[in-house]
Amino acid sequence: MQRWRGLEDIPEDWGRSVVTIGSYDGVHRGHQLIIKHAVDRARELGVPAVVVTFDPHPSEVVRPGSHPPLLAPHHRRAELMADLGVDAVLILPFTKEFSKLSAADFVVKVLVDRLRAKAVVEGPNFRFGHKAAGNVDFLVEQGKVYDFEVEVVDLYVTGEAGGGEPFSSTLTRRLVAEGDVSGAAEILGRPHRVEGVVVRGAQRGREMGFPTANVETLPHTAIPADGVYAGRLHAQGEAMPAAISVGTNPQFEGTERTVEAYAIDRVGLDLYGLHVAVDFVAFVRGQAKFETLDALLAQMAQDVDKCREIVAADLGRD
């Protein structure tokens, strides 16, 4: 799959394509419906399928300081889109200047002149251009002028997550923030993932017999609520069952919020300096402070046993 950062990266001889536009944070199951439809339509027309997205999130430019927690960094979104059959991803730098681009100019400069859209696939509430003035109806009218079709896909999937609310990135972020990683996984179609580089911490886990990978997460990452979770630690091409701790470590009067993953039953792992990923499968318990260190150690042993069972059962469902 080709990855372009900015319009200038698109090959000069790029032919016609089917395009879908959006932030697509998380590439959740609703997003997947739109992207799959775009891919299927591209195959029917014999042209590539292109996803157009933005960096940073538009809200951060329009309303500084409002950047939402991210469910997936751009490289992860690209991987997920590639799995769906997308041929190219265009990441447009979202600047103050770009935010002032009218909907009509966006159509010409992005869809017509550079991507040569043959069809555009979107959800019913798609908005674009300066002050979100462009909508699907406007896009349809522009398509008549510039010779591209517009197809609208209903992306509103529902399930048990959020009490039956339509699946969305906003709902997913809320569930993650509440620690409901099972609900988030239902929306995403996979466990919520946090990525980052393993850095040196206080190394208390190592001293207590549970050495953890202290993950320095990427900026704006959506991190689950404080507590203990069962999940997987992805490192060096391997997915290892893990017991994951999120929080400030109140047992030792900690103040900095961290994400730490203990690779269950693994000995001698050296992950310092490596980029790793942590998948959150299930919430186990909330963060707590224990009366004694022995009580903490006993609880940690129970947590590891429970996490081992949960991940084994989850693997059996895959």
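Residues numbered from 1 in each chain as written. Predicted model: local features only at pLDDT ≥ 70, side-chain atom pairs only at ≥ 80, totals over all residues. Heavy atoms only, no water.

By the naming in an unreviewed UniProt entry, the chain goes by Riboflavin biosynthesis protein and is assigned to Streptomyces lienomycini. Listed in UniProt under the heading Sequence similarities (unreviewed entry), the comment for the chain reads: "Belongs to the ribF family." (UniProt positions renumbered as here; feature names shortened; annotations may be inferred.)

(A) Inspection of the layout of surface pockets at higher detail. Estimates place the volume of the largest pocket at around 1,100 Å³. Taken together, the elements giving at least two residues each to the lining of the largest pocket come down to helix 1 (29-45), helix 2 (58-62), helix 4 (96-99) and helix 7 (169-178). Residues that form the lining of the largest pocket fall into these classes: 17 nonpolar, 14 polar and eight charged. (1 Å grid on protein atoms, 1.4 Å probe; cavity = no way out; pocket = protein on both sides within 12 Å on 5 of 7 lines; lining within 4 Å. Points joined across faces, edges and corners; volume = space filled by probe spheres on them. Helix = DSSP H or I, 4+ residues; strand = E, 2+ residues; numbered from the N terminus. Nonpolar A, V, L, I, M, F, W, Y, C, P; charged D, E, K, R; others polar.)

(B) Inspection of unusual backbone geometry at higher detail. A cis geometry characterises the amide bond from Asp55 onward to Pro56, with omega recorded as 0°. Positive phi, close to 55°, is recorded for Lys131, a residue that is not glycine. Relative to the helices and strands, Lys131 is located in the loop between strand 5 (117-122) and helix 6 (136-146). The class of Lys131 is exposed, set by a relative accessible area of 74%. Phi angles above zero are rare outside glycine, and Asp265 is one such case at about 65°. Looking at the element boundaries, Asp265 is found in the loop between strand 11 (258-263) and strand 12 (275-285). Asp265 gets classed as exposed once you look at its relative accessible area, which sits at 51%. (Buried < 20%, exposed > 50% of the residue type's maximum accessible area, 1.4 Å probe, protein only.)

(C) Structural context of the nonpolar core. Residues Phe106, Leu111 and Leu115 are the most contacted members of the largest nonpolar core, which totals 28 residues. When residues of this core are traced back to their parent elements, those giving at least two are strand 2 (17-21), strand 3 (49-55), strand 4 (88-93), helix 5 (103-112), strand 5 and helix 6. The element contributing the most residues to this core is helix 5, with five residues. Of all hydrophobic cores here, the second largest spans 21 residues; its members include Val18, Val27, Leu80 and Val86. (Core = buried A, V, L, I, M, F, W, Y, C linked by side-chain atoms within 4.5 Å.)

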